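Reading the structure
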Amino acid sequence: MKDIGEYRHREIEERWSRFWIEKAIYHVEKPDPKRKFSIVIPPPNVTGSLHMGHALNATLQDIIARWQRMKGRQVVWVPGFDHAGIATQYVVERQIQEEGKSRLELGREEFLKRVWEWVPRSREAIRTQFEKLGVSVDWKRERFTLDEGFSRAVRRAFRELYEAGLIYRGEYIVNWCPRDRTALSDLEVEHEEEKGKLWYIRYPLEDGSGYITVATTRPETMLGDTAVAVHPEDIRYKHLIGKRVRLPLVSWKRRTLSGEEVDELIPIIADERVKMEFGTGAVKVTPAHDPNDFEIGKDHKLPFVKVMDEGARMNENAGEFAGLDRYEARRRIVERLREEGLLEKEEDYVHSVGKCYRCKTVVEPMVSVQWFVRVTDPRIRSTSIKVVEEGLLEKEEREVHLQLAEVQGLTVTVPVVDDVSGHTKAVVVLSEGVEFLAGVREGELAYIYYPEGRKDILERAKELAYRFAEKGGFEFLIGLEGEFSVIRQGLETRIDRGKYLLVHEGGKLNLYDGDTLRHIQVIETGQARLEPAQKSIKVKVERKKSVLERKRQVFFIPEHWKKFYLDWMYNLKDWCISRQIWWGHRIPVWYCEDCRSVNVFTDDDFDRPYDKIIFNLIADGKIGNEFTPEEIEKVLKSPNFVHPEMTVLEFYKKFAFHKYHSTDMDANSLRLFFTQEANPVAMLTPGISTRGLYRYDPKTKRWRMVLRCKRCGSENLKQEEDVLDTWFSSALWPFGVFGWPENTEDIRSLYPTDLLVTGFDIIFFWVARMIMMGTYFMKDIPFSDVYVHALVRDEKGQKMSKTKGNVIDPLDIIEKYGADALRFTLAILTVQGRDIRLSEKRFEGYKHFANKIWNASRYILMNTPDDFLSRIPYMAQMRPEDRWILTRLNETAEAVNKALENYDFSKAAHAIYEFFWSDFCDWYIEMTKERVYRKAPEENEEERTRVEAERTTALYTLHYVLEKALRILHPFMPFITEEIWHRLPSADGETISLKEFPEKRQDEMFPEDAGKIERLREIVTAVRSLRSDLQIEPSKRLKAYYRTERRETKTLVEELKHHILNLARLEAFEEVSGKPEGTVSTFSGDLEIFLSVEGEVDIGRLKETYRRRREKVLSELERVNRKLSNENFLKKAPQEVVEKERRIKEELEEELMKIDRVLSILED
RNA sequence: AGGCGGGUAGCUCAGUCGGGAGAGCGCAGCCCUUACAAGGCUGAGGUCACGGGUUCGAGUCCCGUCCCGCCUACCA
């Protein structure tokens, strides 16, 4: 007997999260592709701390991961982080600014050093938070989008796309952030409504015949105007088309990007994109500073005049305004226009303004040269649409051989082995009556055994095999008519004689009715082997062609996100991937200064491991262009960033190349390598060629890796300064983490992944790009299910944000209420298609639930004798309440499994909550107290044995149910369940998280007993309710009587009387034929109950209750009567509905009668 | 402007196939009963946003209106 004290979540959670990591419980070294369940974490970026959205995301994934793992799948959940280019650079830049410096002063190399110093601190913080949440990820597989392997993969991806013509460099209008001094993709711009002004400006006609008025919100861009456009059908302006206007204020020559002079006399052009209704119907055209104008400018071959620099200051084209900030320039320009009488009017105007998602600076549309991925190319877009819209069908034809074995005296033994531990859980012995067995190899029906001469049975076997194959596949099936036995831990269970079909499918051994094919029960879960034996055998082989069809489709859950995704895909624009920042993957392009050609280098240009590694170090900026062997050694021997337990070199071998395992690189071997290569004598040494790849500079005493232009051989190369959009690397995540571009075992067994859980806000940023890159590079979808979860909002429905100050920090919640409570709360609030409104209060309720679990377990453990296990063989028969709780337990297992299959987290959580609290704690535990607390009489041996046997039964059931309930709860509340589970005497194994997830077992369903207990609950509640109305204190034991005309009710009451006495606090409950003196009556269904009361009681309240009940019954009766007196209803409604209504009517009438009787007595 | 989601108890939300309106929290009353006061028992509380339609029957399906939220586009 042990008292486990009170629930202390901090201690428990800390202990187990450490345990899971230290023991690497969730690491799977070599997953079996058939049983794997793979999932990659949406990499949280390294800048943020974990917010509620991350906590929700991680919780939902972990619930599915733990559940799948317990169901026998080998779950590989890969964690990691992304480097968040702009966001990280922004954070570090701010730190530097605080020191009074700028990144430009610091220089690229020094700046990156600072970032690398900062990133691990931030990353550690996030990792710790994940650990606190209890995520069951495989930390040994952790990756980073900027690690050595990913950097290499990114370069390879860039090269492949470039060589396929899917990446191009071009002059294009982009969203430019003048603060971060970089281009942004469309998705990185947030639009916000803002109050501004609309200025109407007069552009005088060249011939002096008047002017044309244009409207603008950004007057400063007028300096870059190269045309005025009107609609071709606009009668107001039709006559002006082709004429020219003089651009006001501009008296200087402006130049285009290529240096040509541009006149201040600009044409009036016609373009259908101009909206006649807007403004004046005439629009100024600034091709270099407006997306629309850019299009118009291109079509009309207008000159492009850029008037601002990278910091949005006016440039030399702005003449007298040059050097001014864009807003200052706007002010002055408006002023000047007003002075010159060219400002017609000024209106207040609300319009939406694009801002940088990171620093909130207003973006400036600007023409610049950028790199783009041609995602609109059918090779990318069409596939990405197809895999979501309808799926890609893949067909593979092959010849299969079906062995038909005619046998005599067939018997079969089927050992079932636990998925995780490998222990044999059960052996099914079929020693007679086996009719046939059919088995599958590599997804094809491979053999059928059948009795000699029984072609009919063979046909039946074939038919069943095809039917099950269609249903979802199976490993083998056995048809039998007879009885058989299942042996578990030396205990044999016989299954009654009958016609059965035993099917091993989806990691379960299922029993079906042989005729109706109704599912009877799961015999056992795990991997089953087939061991047939026979007296004689004759084998024939049947050959046939088989077409293997596989559908590759990505499913969005909830489904409506599919439309969201497709709409975007159909309106896709090319993806700007270059960013003018320093933190990220530098674009692997080297421009030839001599022949101007573009060279893309990757380590594929080299074939020796040394060259490859050195090239990667340079390209990653880990070493400079000039280096010494010692520097290389130092880098390679230093701890790796992602996995500090290994060196950089080891990381290269394990995670980047997946080979060269015996290669070592130190300063000496490098020096030798370089000198051999540089030494002309080496030319004479067979096997070593001098490629002149390395060159020594005796002055600096440093080596250099010489890259040459692939076209002209020039060494005069300059690497592109820009880096890639972070999402470019994130797009490679689902296969990059498994070792792409190498063809690794992990890729073969883990890609495509099974599930992606993410928020809708990054469907375009990330999900779509993963689908694009996944289908392009891997020729397969990156994941089959995408579960899109809600946004976490505050209690008022507003987004949580630091600036609003309404964030709830998951860490605070974990500290106060525990990670289990946090997880359970998030899960139970997760309803598809609805955002989560969160307030701190909500966590409290579910902490109470955790507490409840703890205390129920405490009760059980407190009353469990030390020799409990050895008493089990002597336990008494189970009682109805035992069988009832087993029934409810199995119903709950079924409900939770079903809900989780549909990603219905709320329903799953509700089911287990309801079961544990309302059924198990409130009723079952209370019912067991009678058996658990009963003192066994010392003197009476027989009686003592009986009482103890009864107690053992109660405890056995309590333990049995608790243990299974803990397993059901585990995916939701991993810590508390792990803790309690280890304290159970029956606990066997290292962790509950590798135990089997409960399934409904038909042999534990007892509907009859369940019905009895439900009825008992009603009766008890009726008595309690009466007591409450009479305001009798709960502790007082009262006498009561009952009367019923139904025999079954009487039997039930007599059988369960002890419960009624205990639960309703009665002294006695005797049958009477009429209402005894001094009692107050009530009823429950057909059962009349008389409660004896002493002295004066206040019956006012009771009367009130009954009057209310009477009215309710009356109104319901009215509804039912209305229905039943409607001829159409009787005629058209289904028979069972009509009968149901009739039944309801009878019940209501009976109830009304009873209420009236009670009331009339009360009135006396 | 277009699209999507939502409007059910005081609050937060479930509600399957169209067939007796549910849960949690909160509230009220009674109770420290040997797991738990972070608890037990009992109870009150609803014009299912509004209007129309389909139907024997509508919270559920259809149309319209009004609110709320989000997304996309335009915004000279």
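Residues numbered from 1 in each chain as written. Chains lettered and ligands numbered in written order. Predicted model: local features only at pLDDT ≥ 70, side-chain atom pairs only at ≥ 80, totals over all residues. Heavy atoms only, no water.

**Brief notes about the nonpolar core**
Counting residues in each nonpolar core, the largest one holds 164 residues, and the members touching the most others are Met-52 and Phe-920. Among the elements that take part in this core, helix H25 (residues 905-933) stands out by supplying 14 residues, more than any other. Ranked by size, the runner-up nonpolar core spans 65 residues in total, among them Trp-561, Val-737, Met-770 and Ile-771. (Core = buried A, V, L, I, M, F, W, Y, C linked by side-chain atoms within 4.5 Å. Buried < 20%, exposed > 50% of the residue type's maximum accessible area, 1.4 Å probe, protein only. Helix = DSSP H or I, 4+ residues; strand = E, 2+ residues; numbered from the N terminus.)

**Structural notes on unusual backbone geometry**
Note that the residue after Trp-740, namely Pro-741, is joined by a cis bond; omega there is 10°. Located in the positive-phi region is His-658, a residue other than glycine, with phi close to 60°. Mapping His-658 onto the fold places it in the loop between helix H14 (648-657) and helix H15 (667-678).

**Focus on the pairing of strand E23 (residues 491-505)**
Two faces make up the sheet, and in a regular strand the side chains alternate between them. Two elements, strand E22 (residues 476-488) and E23, share twelve bridges in a ladder whose sense is antiparallel. If you follow Phe-484 over to E23, its bridge partner there is Ile-495. Once E22 ends, the chain turns through two residues before running back antiparallel as E23, passing Gln-489 with a positive phi of about 45°. Strand direction decides the pairing type here: E23 and strand E24 (residues 508-513), joined by six bridges, are antiparallel. Residue pairing across strands places Leu-501 opposite Tyr-512, the latter belonging to E24. The turn joining E23 and E24, which pair antiparallel and follow one another in sequence, is formed by two residues; a positive phi near 50° is taken by Gly-506. (Pairing = 2+ DSSP bridges.)

**So, the sheet that holds strand E37 (residues 717-719)**
Spatial strand order, E33-E32-E37: three strands in an open sheet with antiparallel pairing. Bordering the open sheet on either side are strand E33 (598-600) and E37, each of which pairs with just one other strand. The mean angle between the axes of side-by-side strands here comes to 35°, regardless of whether they run parallel or antiparallel. Here strand E32 (residues 589-592) pairs with E37 via three bridges, running antiparallel. Its bridge partner being in E37, Cys-592 is matched across the sheet by Leu-717. (Axes fitted to C-alpha atoms, helices over the stretch in contact; angles between N-to-C directions.)

**Some details on the side chain of His-504**
Take His-504: it is sitting in strand E23. Polar side-chain contacts of His-504 include one of 3.4 Å to the backbone nitrogen of Ala-528. Beyond its immediate stretch of four places on either side in the chain, His-504 contacts Phe-474, Glu-475, Phe-476, Leu-509, Gly-526, Gln-527 and Ala-528. (Polar contact = N/O pair within 3.5 Å; in protein donor to acceptor, adjacent residues only side chain to side chain. Contact = heavy atoms within 4.5 Å.)

Nothing here speaks to function; it is all geometry.
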